[in-house]
Amino acid sequence: MYGGGYIFSEPTQKEQDDHLDDPVMLAAFEARIGQGEKIEPQDWMPYEYRRQLIRLIEQHAHSEVMGALPEGAWITRAPGFRRKLALIAKVQDEIGHGQLLYNAAETLGKPREAMINDLLSGKSKYSNVFNYPAKTWADVTVIGFLIDAAAIVNQVANSKGSYGPYCRALERICYEESFHIKQGYDAFVALALGSASQRQMLQQALNRWWQPIMHFFGPADKNSVHSEQLMRWKVKMASNDAMRQQFLDSYVPKIWELNLTLPDPYLKKNLESGKWEFTEPDWEEFYKVINGDGPCNAERLATRKYAEEHGHWVRQALINSRQQFAIPLA
Ligand code: COA
């Protein structure tokens, strides 16, 4: 029941009794993880490990696809041919990341159609940050620099995790993200060192995005629902707070050195503790956004639904041509 190739479904009581808490299997599984071994799709795994991985990888895949929307809308308005080309390539990469991640999640038994349906029905979450508007070109540069930076912090850590297909997908994604961040930083610096109105536009975008970026790493550890278990099974390799701290450490100095400010008067590094101190972000706003009631949730889902419906004939044509030209095996 728990090997590869099976369709994921909620366990029956008998399955739970028979397999879920099998202490010998669980101990062997946890010992493998403790030794740093990768778990592969055909291996035995506790139901909860599979369920958590599907939840997390699926949300991640949706985030990549939904994340292409705010930037994609700027392709026609990017300032100059060089920026336009880079943005087209980046947006295409993000959709590719979605593909890699849906593939990884499918190895756990949930079909892609079911994942897409859960996204479109609003059942599945995706990253909070993609529910905000990209009002100006400066918003696109903040996304390209700081949101990609935040994603790299998270993904580099998790690429060292325990589930083989997810880690391999993350490694490839991280290579591409580290290129994305260069184009984001280049565009960000160009505005920071540009005219007074370009700097002002950038500063305003930074002010708008700061809180969503602080939210990006998830609730504070004390309120995180899944961290403890995910870290025990090495799905998540750092806690939400640890990742947020790592991001602040690496990127706040880069923002300040460009003489830009951040909209938090209490943001500072405590030299004794080595930790960043900051104003607690508005968590009520965070929960509203991740539960479907942010500034752009409805618009993003409507765009995605439109693409799904209007792309149906392309998918069908691909399936038909595959069937038409399929070469029999024997
Ligand atoms: N955006 C949307 N939802 C978020 C979120 C965010 N930035 N941060 C946390 N949440 C959600 C969680 O999905 C969870 O909801 P659920 O129980 O309905 O699934 C809830 O808030 C509680 O958070 P927590 O217990 O801390 O979740 P977590 O342990 O899964 O950690 C992440 C959250 C984002 C750090 C983790 O899921 C992760 O590393 N994901 C992979 C990377 C990713 O998705 N990146 C997105 C953009 S590139």
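Coordinates for the structure precede this section.
Reading the values: rules and limits
- Residues numbered from 1 in each chain as written.
- Predicted model: local features only at pLDDT ≥ 70, side-chain atom pairs only at ≥ 80, totals over all residues.
- Heavy atoms only, no water.
- Salt bridge = Lys/Arg side-chain N within 4 Å of Asp/Glu carboxyl O.
- Helix = DSSP H or I, 4+ residues; strand = E, 2+ residues; numbered from the N terminus.
- Buried < 20%, exposed > 50% of the residue type's maximum accessible area, 1.4 Å probe, protein only.
- Core = buried A, V, L, I, M, F, W, Y, C linked by side-chain atoms within 4.5 Å.
- Contact = heavy atoms within 4.5 Å.
- Axes fitted to C-alpha atoms, helices over the stretch in contact; angles between N-to-C directions.
- Parallel < 35°, antiparallel > 145°, perpendicular 65-115°, else oblique.
- Nonpolar A, V, L, I, M, F, W, Y, C, P; charged D, E, K, R; others polar.

Q: Quick rundown of the pattern of salt bridges? Include the residues and the values.
A: Close approach of charged atoms allows side chains with opposite charge to pair. In the structure shown here, the tally under the stated rule is 22 salt bridges. The salt bridge involving Asp186 is made with Arg83; its shortest N-O contact spans 2.9 Å. Taken together, the positions of Asp186 in helix H7 (residues 164-192) and Arg83 in helix H4 (residues 81-106) put the pair 103 residues apart, joining distant regions of the chain. By relative accessible area, Asp186 is classed as partly exposed at 36%. Judged by relative accessible area, which is 17%, Arg83 ranks as buried. Ionic pairing is found between Lys268 and Glu277, a salt bridge with its closest N-O pair at 2.9 Å. Note on Lys268: relative accessible area 45%, which makes it partly exposed. A relative accessible area of 30% places Glu277 in the partly exposed class. When salt bridges that share partners are traced, they join Glu58, Lys110, Asp118 and Lys123 into one network.

Q: Can you lay out the nonpolar core for me, pointing to particular residues and giving the numbers?
A: Core analysis: the largest hydrophobic core is formed by 50 residues, its most contacted members being Val142, Leu146, Phe188, Trp209, Trp210 and Phe247. When contributions to this core are tallied by element, the ones reaching two or more residues are H4, helix H6 (137-158), H7, helix H8 (196-216) and helix H10 (240-256). Looking at this core, the element that brings in the most residues is H6, giving 13 residues. When neighbours within four sequence positions are excluded, Val142 is seen to be in contact with Ile147, Phe188, Leu202, Ala205, Leu206, Trp209 and Ile213.

Q: Describe the side chain of Ser239, listing the residues and the values that go with them.
A: By the element assignment, Ser239 lies in the loop between helix H9 (227-232) and H10. For Ser239, the residues in contact, after removing those within four places along its chain, are Asp221 and Met231.

Q: An account of the packing of helix H3 (residues 47-72) against helix H12 (residues 297-310) is needed here, citing residue identities and associated values.
A: Direction vectors running N to C along H3 and H12 enclose 105°, while the axes themselves pass 10 Å from each other. Relative to H12, the element H3 is oriented roughly perpendicular. Residues Val65, Met66, Leu69 and Pro70 of H3 form the contact with H12, whose participating residues are Arg300, Leu301, Thr303 and Arg304. The residue makeup of the contact of H3 with H12, split by class, is five nonpolar, one polar and two charged.

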